[in-house]
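Observations on the model geometry
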Amino acid sequence: MFRPTLFLTAACIAVPALAQTPPTQAWPQNRPPGQAAPPAAAPAQPATPPAAGATPPATAGAPTASVAPVPLPQWFVEIDVDKKGEVTRADFLKYRMKSFESLDLNKDNKLSLEEFTKVVEPPSTPADAPGLPPLEERRNRAKAEFQNLDTNRDGFLERGEAEAVVHSEFNNYDTDRDNKVTEPEVRLIIQRSMQREAAERQQAEARRRQGMMTLNEFMDMQLRQADELDKNKDGKISGPEYTVLAGPADGPQAKNLLPFDMRKQIAMRKFAEIDTNKDGQIDRVELSAYALKQFGEMDLNKDRFISEDEFKKAQESEAAKVRAIVQTMMPAQPAAQPRPAQPQPRGGQPAPAPSGPPPGLPQGTR
């Protein structure tokens, strides 16, 4: 498995798969980035809910205490104000598109990237949410999500594109296709979603074994490496902390490496590239922005995965850049002086070989 380092790239965001997880009241994100995942799922229930008043079948060896039902999501409670126990497609669409309409400041029925990133700012995302990443990091994640939702790649998230996502989510709940979602349907789908999330975690582990990496996994790995460099645990990487990537200064471990001063200069050039605000420190916002850029450059086939082959190509490109930098650091070699040409006699004939003893030998030695 390849292991990208900060010498090649910095940290990156995950884009939740909207069509695969139950929506909440905030469109289009299921929950603010960094918010804790829902609690573990309750034991699986039968696919067909028991009739009203019927007693659920007992499981051999299981305790007789009843299992608490899966709680209803907040969006269902807020839409079903009349307590009918069901939500229609029209009501669901209207409710979920409220965030789109609030973000569409110029009311042109489409969201620009600037409008879309407001979803991670108050009031769309509460500023006091526990475990919330910095604002700029959330914006970088929103940019990545915008690219996923902009299916026609015109630089805008049109109302039709947004509604298609909402309809797809509603279809996940409406299992009998009657254009309404009931409480049993919602509870069952949420339970299945929790099980699916567990399966997806296993699939992610399988992809790692196969050498594939998603944007979310790429970012998590880079941030973990950044935490290892952050020796004073202030949430930032200073220049001295970053130069650890230059390797050992001397000793047997530095054998066959470039001189340390040269390696240090190369590392600090990368540091300056990531440190966009030039304050002499790399924070998580700068890392996430750099990672988003690097992931996009490394993902050559734009399938939102980095394969081992794509990573190797990125390594080769980076190595070529380093070699070019090294060439500029090498001292210039003095040009060799040309040897004077031997004079040729007139007529083009070679000069006769001198007779007598070789030059420099004393007379009388023959």
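Residues numbered from 1 in each chain as written. Predicted model: local features only at pLDDT ≥ 70, side-chain atom pairs only at ≥ 80, totals over all residues. Heavy atoms only, no water.

Per the secondary structure count, the chain includes 12 helices and eight strands. Counting every position in the chain, which comprises 366 residues, the buried fraction comes to 35%. For the chain, the exposed surface amounts to about 22,100 Å²; the carbon and sulfur share of it is 55%. (Helix = DSSP H or I, 4+ residues; strand = E, 2+ residues; numbered from the N terminus. Buried < 20%, exposed > 50% of the residue type's maximum accessible area, 1.4 Å probe, protein only. Areas by Shrake-Rupley, 256 points an atom, 1.4 Å probe, with all protein chains shown as cover.)

This next bit is on the nonpolar core. Grouped together as the largest cluster of nonpolar side chains are 29 residues, with contacts concentrated most on Trp-75, Phe-92, Phe-116 and Val-186. Looking at this core, the elements that each hand over two or more residues are α1 (74–79), α2 (89–96), α3 (98–103), α5 (135–149), α6 (159–173) and α7 (183–210). Looking at this core element by element, the count peaks at five residues for α6. Of all hydrophobic cores here, the second largest spans 13 residues; its members include Ile-237, Ala-246, Ile-274 and Ile-282. (Core = buried A, V, L, I, M, F, W, Y, C linked by side-chain atoms within 4.5 Å.)

As a further point, take the packing of helix α8 (residues 215–229) against helix α11 (residues 284–298). Look at α8 against α11: their axes get within 10 Å of each other, and the N-to-C directions meet at 135°. Classed by the angle they form, the pair α8 and α11 counts as oblique. In this structure, the crossing between α8 and α11 has a hand that is right-handed. Contacts from Leu-215, Phe-218, Met-219, Leu-223, Ala-226 and Asp-227 in α8 reach Arg-284, Leu-287, Ser-288, Ala-291, Leu-292, Phe-295 and Met-298 in α11. Its residues placed into classes, the contact of α8 with α11 shows 10 nonpolar, one polar and two charged. (Axes fitted to C-alpha atoms, helices over the stretch in contact; angles between N-to-C directions. Parallel < 35°, antiparallel > 145°, perpendicular 65-115°, else oblique. Left-handed = near helix turned anticlockwise from the far one by under 90°. Contact = heavy atoms within 4.5 Å. Nonpolar A, V, L, I, M, F, W, Y, C, P; charged D, E, K, R; others polar.)

Moving on, we get to unusual backbone geometry. For Lys-278, which is not a glycine, the phi torsion comes out positive at approximately 55°. Within the secondary structure, Lys-278 sits in the loop between α10 (260–274) and β7 (281–283). On the basis of relative accessible area, Lys-278 is assigned to the exposed category, the value being 56%. A positive phi angle, near 65°, is found at Arg-304, a position not held by glycine. Of note, Arg-304 is situated in the loop between α11 and β8 (305–306). Its relative accessible area of 39% is what places Arg-304 among the partly exposed residues.

Our focus in this paragraph is the environment of Ala-314. Residue position: Ala-314 is located in helix α12 (residues 308–329). Note: C-alpha distance between Ala-314 and Met-298 (16 residues apart in sequence) is 6.0 Å.

A few words on the pattern of salt bridges. Scanning the entire structure with this criterion turns up 14 salt bridges. The closest approach of N and O atoms between Arg-159 and Glu-101, which form a salt bridge, is 3.0 Å. Residue Arg-159 is found in helix α6, and its partner Glu-101 is found in helix α3; the two are separated by 58 residues along the sequence. Residues Glu-183 and Arg-187 are paired through a salt bridge, measuring 3.4 Å at the closest nitrogen-oxygen approach. You can see Glu-183 and its partner Arg-187 sitting in helix α7, four residues apart, about one turn around the helix. A relative accessible area of 24% means that Arg-187 is categorised as partly exposed. Ionic contacts of the salt-bridge type, sharing partners, join the residues Lys-118, Glu-121, Glu-136 and Arg-139 into one network. (Salt bridge = Lys/Arg side-chain N within 4 Å of Asp/Glu carboxyl O.)

Between its terminal C-alpha atoms α10 stretches 21 Å, which fits the 21 Å expected from 15 residues at 1.5 Å a residue. Those residues of α10 not exposed but buried are Met-262, Arg-263, Ile-266, Ala-267, Lys-270, Phe-271 and Ile-274. Packed against the buried residues of α10 are β6 (236–238), α9 (239–242), β7, α11 and α12. (Expected span 1.5 Å × (residues − 1).)

Helix length check: α5 (15 residues) gives 21 Å between terminal C-alpha atoms against 21 Å at 1.5 Å per residue, within 8%. Within the span of α5, buried status applies to Glu-137, Arg-138, Asn-140, Arg-141, Ala-142, Ala-144, Glu-145, Phe-146 and Leu-149.

As a packed pair, α2 and α6 sit with axes 10 Å apart at the nearest point and diverge in direction by 135°. One element, α2, and the other, α6, form an angle in the oblique class. Regarding α2 and α6, the two cross each other, and that crossing is right-handed. Each of Arg-89, Phe-92, Leu-93 and Arg-96 in α2 lies in contact with α6, whose residues at this interface are Glu-163, Val-166, His-167, Glu-169, Phe-170 and Asn-171. Taken together, the residues that form the contact of α2 with α6 break down as four nonpolar, two polar and four charged.

Next up on the list: the packing of aromatic side chains. A full pass over the atoms with the stated rule returns seven aromatic pairs. Seen in terms of ring centroids, Trp-75 and Phe-92 are 5.0 Å apart; in terms of plane orientation they differ by 75°. Their pairing is edge-to-face. Of this pair, Trp-75 sits in helix α1 while Phe-92 sits in helix α2, and the two are 17 residues apart along the sequence. Across this residue pair, the class does not change: Trp-75 and Phe-92 are buried. Ring centres 5.2 Å apart and planes at 55° place the aromatic pair Trp-75 and Tyr-173 in the tilted group. On the criterion of sequence distance, the pair formed by Trp-75 in helix α1 and Tyr-173 in helix α6 is long-range, its members being 98 residues apart. Like Tyr-173, Trp-75 is buried. Taken together, Trp-75, Phe-76, Phe-92, Phe-170 and Tyr-173 form an aromatic cluster joined through their ring pairs. One residue, Lys-110, lies across the ring of Phe-156, its end atom 4.3 Å from the ring centre. (Phe/Tyr/Trp six-rings, centres within 6.5 Å; stacked < 30°, edge-to-face > 60°. Lys NZ or Arg CZ within 6 Å of the ring centre and 35° of its normal.)

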